[in-house]
Structures are given as C-alpha cells and as structure tokens.
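Analysis of the macromolecular model
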Amino acid sequence: MHLWKLLLRTQALALLAALTAVFLPGAIAPEAIAQPSAITTVAQANPTVAQELLQLVNAERQRVNAPPMVLNDKLTAAAQRHSQDMATSRRMSHTGSDGSTMRSRIDATQYRWSTIGENVALGQPSAAAVMTAWMNSPGHRQNILNPAFTELGIGYATGAGRPYWTQVFARPR
C-alpha cells in the first residue's frame, strides 16, 4: 500500500475512534478501528496527570453541587490496567482485549462496590483536553457529575504515540 494511502486510512480510523469515544460512551469500537502494526510503548499513570484530572473532575462536580471525588488505589489499578491494555492492543473499547469488562476489572482488584461507571477516550493530548471531550459528551458528562459516585480511578497510557485514557467511577459498599 502506498504510504499516503496508509496515512489517510490511519487518520480516518483515528477520527472514527475519536467520534465514537465522544458520542457513544460505553460503545465498543469496531474491530475495524484497530490500527496497523506499530511499536507500542506503555507509560505508567503519572501521579501529576491523575491529580490534574481529579481536580478537573471535582471542579465540574462543584459547579453542580455534587460531592468531590477522591482517588482510590484499587480503582486506579483497574483504570491503569485497562488503559495499558487499550494502548497495547491499539483499540479503544470498554471491553478488554481478553474479554474483560469494567465489572470484572474492578472485581479483580477486590474493591467492594455498590455502583460503578467508566469513561474511556483516545487521542486527547492532555488531562484538560480529555475532560473537555468528556464534558461535551452527554453520557461521559453524566458519569463525571453523578453524585452517586464518590471514588475515582484514573488510567493513562500511550500506544503507537497515541494517548489512551480511562476513568473508573464507584461508590464503595
């Protein structure tokens, strides 16, 4: 395939994945969105990124009088593993490459929950950019502002130079 055709195809698939993330929270990106083979590097979640995203979430929650959220290590572990899996498989989905679900990933951490939710995103270069995308999507916004959620996990990884984001929301039992 000519290089320009490969680049055009890659950009079109990236746009489709980004639009899916913004407009269909919880939607599974079709297998066709998988990117061509490339080297994948996975970055560990940066505590500074997690704190920045937490601050942005709590600022939005404060605007609607929802209680602030706190970071939870178990939820962060579930979110980080999912971001790493998406970066490694180069596909954005609420279903892991091994068939895992939001519930199974959270349960694997031994977190005892009463309600859970998840946001994923692909391509936004910063915490501020991903928050803007999520707040412009009704379903993602609903998760962020849901007063039933009290704890948050944040995951961030890069694969083939593209950032993958996960937020895991919960209320403990």
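Calculation criteria
Residues numbered from 1 in each chain as written. Predicted model: local features only at pLDDT ≥ 70, side-chain atom pairs only at ≥ 80, totals over all residues. Heavy atoms only, no water. Buried < 20%, exposed > 50% of the residue type's maximum accessible area, 1.4 Å probe, protein only. Helix = DSSP H or I, 4+ residues; strand = E, 2+ residues; numbered from the N terminus. Pairing = 2+ DSSP bridges. Expected span 1.5 Å × (residues − 1). Arc of directions from axis to C-beta. Contact = heavy atoms within 4.5 Å. Phe/Tyr/Trp six-rings, centres within 6.5 Å; stacked < 30°, edge-to-face > 60°. Axes fitted to C-alpha atoms, helices over the stretch in contact; angles between N-to-C directions. Left-handed = near helix turned anticlockwise from the far one by under 90°.

1. Concerning the pairing of strand β2 (residues 113-122)
In terms of residue burial, β2 counts as a mostly covered element, since eight of its ten residues are buried. In the sheet, β2 pairs with strand β4 (residues 162-172) via nine bridges, with the strands oriented antiparallel. Of the residues in β4, the one forming a bridge with Leu122 is Tyr164.

2. Comments concerning helix α2 (residues 47-63)
Between its first and last C-alpha atoms α2 spans 25 Å; for 17 residues at 1.5 Å apiece the expected length is 24 Å, and the two agree. Among the residues of α2, Val49, Ala50, Leu53, Leu54, Val57, Asn58, Glu60 and Arg61 are the ones counted as buried. The buried residues of α2 occupy an angular sector of 165 degrees when projected down its axis, which confines them to one face. The outward face of α2, more than 90 degrees from its buried face, is lined by the exposed residues Thr48, Gln55, Gln62 and Arg63. The inward-facing, buried residues of α2 abut β1 (70-71), α5 (127-135), α6 (138-145), β3 (151-159) and β4. In the segment just after α2, Asn65 is the residue with positive phi, at about 60 degrees.

3. Let's talk about the packing of aromatic side chains
Tallied over the full model, the rule gives two aromatic pairs. Here Phe149 and Phe169 contribute two aromatic rings whose centre-to-centre distance is 5.4 Å and whose plane-to-plane angle is 25 degrees, an arrangement assigned as stacked. Linking Phe149 in the loop between α6 and β3 with Phe169 in strand β4, this pair joins segments that are 20 residues apart in sequence. On the accessibility criterion, Phe149 (2% relative accessible area) is buried.

4. Remarks on the environment of Ala157
Note on placement: Ala157 falls in strand β3. Ala157 sits in the buried class, given a relative accessible area of 0%. Distance from Ala157 to Ser83, taken between C-alpha atoms, is 5.5 Å for residues 74 residues apart in sequence.

5. Side note on the packing of α2 against α5
Running from N to C, α2 and α5 cross one another at 35 degrees; their axes reach a closest spacing of 9 Å. The two elements α2 and α5 meet at a crossing, and its hand is right-handed. For the pair α2 and α5, contact is made by Val49, Glu52, Leu53, Leu56, Val57 and Glu60 and by Ala127, Ala128, Val130, Met131, Trp134 and Met135, respectively.

6. Some remarks on the environment of Arg112
With respect to the helices, strands and loops of the structure, Arg112 is situated in the loop between α4 (102-107) and β2. The exposure class of Arg112 is exposed, given its relative accessible area of 53%. In this structure Arg112 touches Pro172 and Arg173, once residues within four positions along its chain are discounted.

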